[in-house]
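Residues per chain, in single letters:
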Amino acid sequence: MSRDCIFLVVGGGIAGVSCAETLAICCPLSSILMLTESSIVKSVTNLVPVARYLHRFDVREKDVNELGASINTIVDQLEYVNSREHWARTKKGLILKYRYICVCTGGAPKLFSNGQAESRIIGIRDTDSVLELQRRLLTAKDVLILGNGGIASELAYELKDINVHWVVKDSHISATFVDPGAAEFFQLARSELDVPTVAVTAIKRMRYGEVTPPEEKQSKQGAALGPDWHSNFDLSGCSTHAGKLLPKIYYKSHIVDYHVLPEQGRLSIKLGHENGDQEQLTCDFIVSATGVEPRHEFSTDFPPNFADDGGLSVDEMMRTNLPDVYAAGDVCSAAWEPAPHWFQMRLWTQARQMGSMAGRSMAAACEGETVYQDFCFELFGHVTQLFGFPVVLLGRFNGQGLERDYELLVRCTRNKEYIKFVLQNGRLRGAILIGDTDLAETCENLILNGIDLEPYGDDILNPDIDIEDYFD
Ligand SMILES: Cc1cc2nc3c(=O)[nH]c(=O)nc-3n(C[C@H](O)[C@H](O)[C@H](O)COP(=O)(O)OP(=O)(O)OC[C@H]3O[C@@H](n4cnc5c(N)ncnc54)[C@H](O)[C@@H]3O)c2cc1C
Ligand SMILES: NC(=O)C1=CN([C@@H]2O[C@H](COP(=O)(O)OP(=O)(O)OC[C@H]3O[C@@H](n4cnc5c(N)ncnc54)[C@H](OP(=O)(O)O)[C@@H]3O)[C@@H](O)[C@H]2O)C=CC1
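Numbering of residues starts from 1 in every chain and runs along the sequence as written. All chains are assigned letters beginning with A, and all ligands numbers beginning with 1, in the order in which they are written. Totals for whole chains, interfaces and linings use all residues, but because this is a predicted model, local features are given only for residues with pLDDT of at least 70 and pairs of side-chain atoms are given and counted only at 80 or more. Neither water nor hydrogens contribute to the side-chain values; these are computed over all heavy atoms in the structure.

Student: It is not clear to me how the overall build of the protein chain should be interpreted in this structure. Could you clarify?
Tutor: Secondary structure is summarised from DSSP: a helix means a run of H or I of at least four residues, a strand means a run of E of at least two, and numbering begins at the N terminus for each. Within the protein chain, the secondary structure is distributed over eight helices and 29 strands. The size measure is the radius of gyration over C-alpha atoms, and the globule rule it meets is 2.2 Å times the number of residues to the 0.38 power. Against the compact-globule benchmark of 23 Å for 472 residues, the protein chain has a radius of gyration of 23 Å, which places it among compact chains. Taken along its principal axes, the extent of the C-alpha atoms in the protein chain is 70 × 60 × 45 Å. In the protein chain, buried positions account for 51% of the 472 residues. Within the protein chain, residue pairs in contact and separated by at least 24 positions form 63% of the contacts whose partners lie at least 6 positions apart. Where accessible areas are quoted, they stem from the Shrake-Rupley method and a 1.4 Å probe; at the residue level, only the protein chains shown are allowed to cover. When the accessible surface of the protein chain is split by element, carbon and sulfur atoms take 48% of a total near 21600 Å². Positive: Lys, Arg. Negative: Asp, Glu. His and the chain ends are not part of the count. Here the site of a charge means NZ on Lys, CZ on Arg, CG on Asp, or CD on Glu. Here the protein chain contributes 44 positively and 65 negatively charged side chains, and the mean placements of these two sets differ by 6 Å. Three exposure classes are used, based on accessible area relative to the maximum for each residue type with a 1.4 Å probe and protein chains only: buried under 20%, partly exposed in between, and exposed over 50%. For this analysis, residues touch if any pair of their heavy atoms sits within 4.5 Å.

Student: So what exactly am I meant to see when it comes to the site of ligand 2 here?
Tutor: Residues are classed as near a molecule or strand on a simple rule: at least one heavy atom within 4 Å of it. Around ligand 2 there are 18 residues in total, and Ile151, Gly291, Arg346, His382 and Thr384 lie nearest to it. In protein, a polar contact requires one atom able to donate a hydrogen and another able to accept it; more generally it is a pair of N or O atoms within 3.5 Å, and residues adjacent in sequence count only if both atoms are side-chain atoms. In this structure, an oxygen atom belonging to ligand 2 sits 2.9 Å away from a main-chain N or O atom of glycine 291. In this structure, threonine 384 approaches ligand 2 through a side-chain N or O atom, which is 2.7 Å from a nitrogen atom. Sorting the residues of the shell around ligand 2 by element identifies α3 (150–158) and β25 (381–386) as the ones contributing at least two each. When residues of the shell around ligand 2 are assigned to their parent elements, the largest contribution, three residues, is made by α3. Three categories are distinguished: nonpolar for Ala, Val, Leu, Ile, Met, Phe, Trp, Tyr, Cys and Pro, charged for Asp, Glu, Lys and Arg, and polar for the others, with Gly belonging to the last. Grouping the constituent residues of the shell around ligand 2 by class yields six nonpolar, nine polar and three charged.

Student: Would you mind going over the nonpolar core with me for this structure?
Tutor: If you look at the biggest cluster of nonpolar residues, it comprises 105 residues, and the most contacted ones within it are Leu8, Met318 and Ile434. Setting aside residues up to four positions removed in sequence, leucine 8 forms contacts with Leu33, Leu35, Ala88, Leu96, Tyr98, Tyr100, Ile101, Cys102 and Met362. Here, nonpolar core refers to any group of buried Ala, Val, Leu, Ile, Met, Phe, Trp, Tyr and Cys residues whose side-chain atoms link them within 4.5 Å. The next biggest cluster of nonpolar side chains, apart from the first, holds 22 residues, and it includes Val392, Leu439, Ile447 and Leu461.

Student: In this structure, what is going on with the state of the cysteines? I would like to understand it.
Tutor: One way to say it: the disulfide is the covalent bond shared by the sulfur atoms of two cysteines. The criterion for a disulfide is a pair of cysteine sulfur atoms lying within 2.5 Å. Counting across every chain of the model gives zero disulfides. A disulfide-free cysteine, cysteine 5 has its sulfur positioned 11 Å from the sulfur of cysteine 366, the nearest such atom. Taking the relative accessible area as the measure of exposure, cysteine 5 reaches 7% and is therefore buried. Residue cysteine 283 stays outside any disulfide, its sulfur separated by 13 Å from that of cysteine 238, the closest cysteine.

Student: Is there a simple way to explain the packing of helix α1 (residues 14–26) against helix α6 (residues 348–367) in this structure?
Tutor: Relative orientation and spacing of two packed helices are given, respectively, by the angle between their axes and the distance between those axes. Across the interface, α1 lies against α6 with an axial gap of 7 Å and an inter-helix angle of 35 degrees. Judged by the twist between their axes, the crossing of α1 over α6 is right-handed. Here Ile14, Ala15, Ser18, Cys19, Thr22, Leu23 and Cys26 of α1 come into contact with α6, specifically with Trp348, Ala351, Arg352, Gly355, Ser356, Ala358, Gly359, Arg360, Met362 and Ala363. Counted by class, the contact of α1 with α6 contains 10 nonpolar, five polar and two charged residues. Here the axes come from fitting lines to C-alpha atoms, over the contacting stretch only for helices, and the angles between their N-to-C directions go from 0 to 180 degrees. The crossing is said to be left-handed when, going from far helix to near helix, the turn is anticlockwise and less than a right angle, and right-handed when the turn is clockwise.

Student: I keep staring at the sheet that holds strand β7 (residues 78–82) and nothing clicks. Help me out?
Tutor: By definition, the strands of a sheet pair up through backbone hydrogen bonds, in either a parallel or an antiparallel sense. Strand pairing requires that DSSP identify at least two bridges connecting the strands. If you walk across this open sheet you meet the five strands as β1-β9-β8-β7-β21, and the pairing is mixed. Strand pairing shows two members of the sheet lacking a second neighbour, β1 (2–4) and β21 (299–300), which therefore form its edges.

Student: I tried to follow the site of ligand 1 on my own but got confused; where do I start?
Tutor: Residues in close proximity to ligand 1 total 34 residues, the closest being Glu37, Arg125, Ala224, Leu225 and Trp348. The side chain of glutamate 37 places a nitrogen or oxygen atom 2.8 Å from an oxygen atom of ligand 1. In this structure, an oxygen atom belonging to ligand 1 sits 2.7 Å away from a main-chain N or O atom of leucine 225. Computed on the free molecule, ligand 1 has an accessible area of 1000 Å², of which 95% lies beneath the protein chains in the complex. Among the elements of the structure, α1 and α6 are those that each provide at least two residues to the shell around ligand 1. When the residues that make up the shell around ligand 1 are grouped by side-chain class, the tally is 15 nonpolar, 13 polar and six charged. As used throughout, domain bounds are those supplied by an automatic or database domain assignment. Residues lining the shell around ligand 1 come from more than one domain, with at least three contributed by each of domain 1 (2–106 + 295–374) and domain 2 (109–291).

Student: What exactly am I supposed to notice about the pairing of strand β29 (residues 427–434) here?
Tutor: Both faces of the sheet carry side chains from a regular strand, because those side chains alternate between them. For β29, the buried fraction is high: seven of the eight residues fall into the buried class. In this sheet, β29 lies alongside strand β26 (residues 389–395) in antiparallel orientation, the contact comprising five bridges. In the strand pairing of β29, leucine 393 is matched with isoleucine 432. Inspection of the sheet shows strand β28 (residues 417–424) paired to β29 by seven bridges, in the antiparallel sense. Bridge pairing in β29 places lysine 420 opposite isoleucine 432. Linking β28 to β29, which pair antiparallel, is a turn of two residues; within it asparagine 425 sits at a positive phi near 50 degrees.

Student: Teacher, can you tell me more about a negative patch on the surface here?
Tutor: Think of a patch as exposed residues, more than 30% relative accessible area, with no salt bridge, where like charges cluster within 9 Å and nonpolar side chains (Val, Leu, Ile, Met, Phe, Trp, Tyr) cluster within 5 Å. The salt bridge definition used is simple: a Lys or Arg side-chain nitrogen within 4 Å of an Asp or Glu carboxyl oxygen. A surface patch of like charges, here negative, comprises Glu407, Asp452, Glu454, Asp458 and Asp459. With respect to the helices and strands, the residue aspartate 452 is situated in the loop between α7 (440–449) and α8 (467–471).

Student: Sorry, what's going on with the domain arrangement of the protein chain here?
Tutor: Interfaces are frequently sized by the accessible area removed from exposure as the parts join. When cut into domains, the protein chain gives domain 1 (2–106 + 295–374), domain 2 (109–291) and domain 3 (396–470). Measuring from the centre of the C-alpha atoms in domain 1 to the corresponding centre in domain 3 gives 35 Å. Throughout, buried area stands for the accessible area (probe radius 1.4 Å) lost by two parts on being put together, summed over both. Summed over both sides, the interface between domain 1 and domain 3 buries roughly 900 Å², with carbon and sulfur atoms accounting for 56% of that surface. When the buried area of domain 1 at its contact with domain 3 is split by residue, Arg52, His341 and Phe343 rank highest and sum to 54% of it. Put simply, domain 1 and domain 3 have zero salt bridges between them. Linking domain 1 to domain 3 there are six residue pairs in polar contact (both at pLDDT 80 or more).

In structure tokens, the structure reads:
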């Protein structure tokens, strides 16, 4: 059996859906086919501008058939791509002949392991993996969270009725997003305020068997979860009424060894600390929140170029090195010369931007037109929530790539706001804005315009000066 299309998009996550929707707008008369292994796809809703280039949005799950009449869909897995002859084969043996293909197959958790008791180590990626977490929490008293990025930061404070042991290799929490000052700000706020993390939703614990989709719809791996995913799940352990306990944090630590205790069925863990000390603890299971690795479980006629992080290398038009093969989202690695204030992080925002860019780029190639890279790749921007606070990250917010040649200017009002400016030669290169600061647009402008802020000295963050008025 075979099917023909002009555009084939593989993957129903944000990147794939954004790509297909862009193609439907740019080439309404061309046939677009989406191939995805899960019948549930993700789409962006409630897009709200936070600044000129920054947006906050919700992510909605919908059935693949709801994508719109202009996008045909197939639920199956990509197995092989013949880029020279322009056809792909699915796991069920279907041949898909295409003119352009975009691979948006996302990523998978990069799990920590020393080769033992691997069933005791889980990662979080999609709905199925959260259901697995819930199932394990039912009987668990202690959990170890390994990692210091987005998932660990969310889980460490969202789990309740369970002792949380949070093992980080850095000297402060949430190191992929914030600096030690902001981490301290969060921790103080958590211990002093009962910060509501998200609007309270009526939650019932879902039982694993009840929510597992029926056989024909079941997917081993669906699209990644996204903003506020934890507000839809009851993440309680079995220590009834203990509530949300502050996690025990093990700084500058790593797992040296672990094994299952035969009598208890629990895990015995040996932790190593930076000063050489070791410590023993016991837990029921480990959540390895240790990053993502790109997923490309299909073969090709010629080897694609991969970046060091395992992603499919793409240029600024989202093209891989294979003819008419594009890639977008978590599966790809940006191999173009980045703008001074942009770098890749595997996030919703970038999955959406890359998916749309790939769509525009494929449409232009098909119509013989020229497009330029979207302006969103000029400036890194991320809008999120951490520990109940709104967080905006802009440009080189942690001084990434600036070596030691930069200054920091910080304004902090306990339990209210934390503002950090990263300045180099008097110019704003990045910012962390925590709380309702209303400074996102001003910072965007200051970074992109490269205005010399030297003459304003520390007044730039003086609370009595309204810098928004000053520069807008
Ligand atoms: C728990 C969690 C919380 C997160 N929270 C945030 C957040 O708050 N903010 C934020 O910006 N980012 C967040 N992220 C990151 C964000 O979810 C991802 O960067 C983004 O979803 C990536 O989108 P994608 O479309 O590239 O990949 P995915 O969402 O992983 O989608 C890939 C799709 O491809 C399909 N697929 C894979 N292989 C094949 C194949 N061979 N054949 C057919 N289909 C295939 C998959 O089933 C899936 O539908 C979070 C991630 C996780 C795991
Ligand atoms: N609010 C948001 O924006 C959220 C975003 N996400 C995104 O989802 C994806 C998955 O999240 P997550 O898994 O937290 O990934 P992240 O990349 O955010 O963080 C991974 C963390 O694990 C650490 N790490 C890596 N390997 C090891 C190891 N062997 N031992 C100990 N620590 C290790 C990393 O340290 P190092 O960096 O030093 O290697 C880093 O601190 C990411 O793309 C993330 O950005 C997830 C949740 C929320």
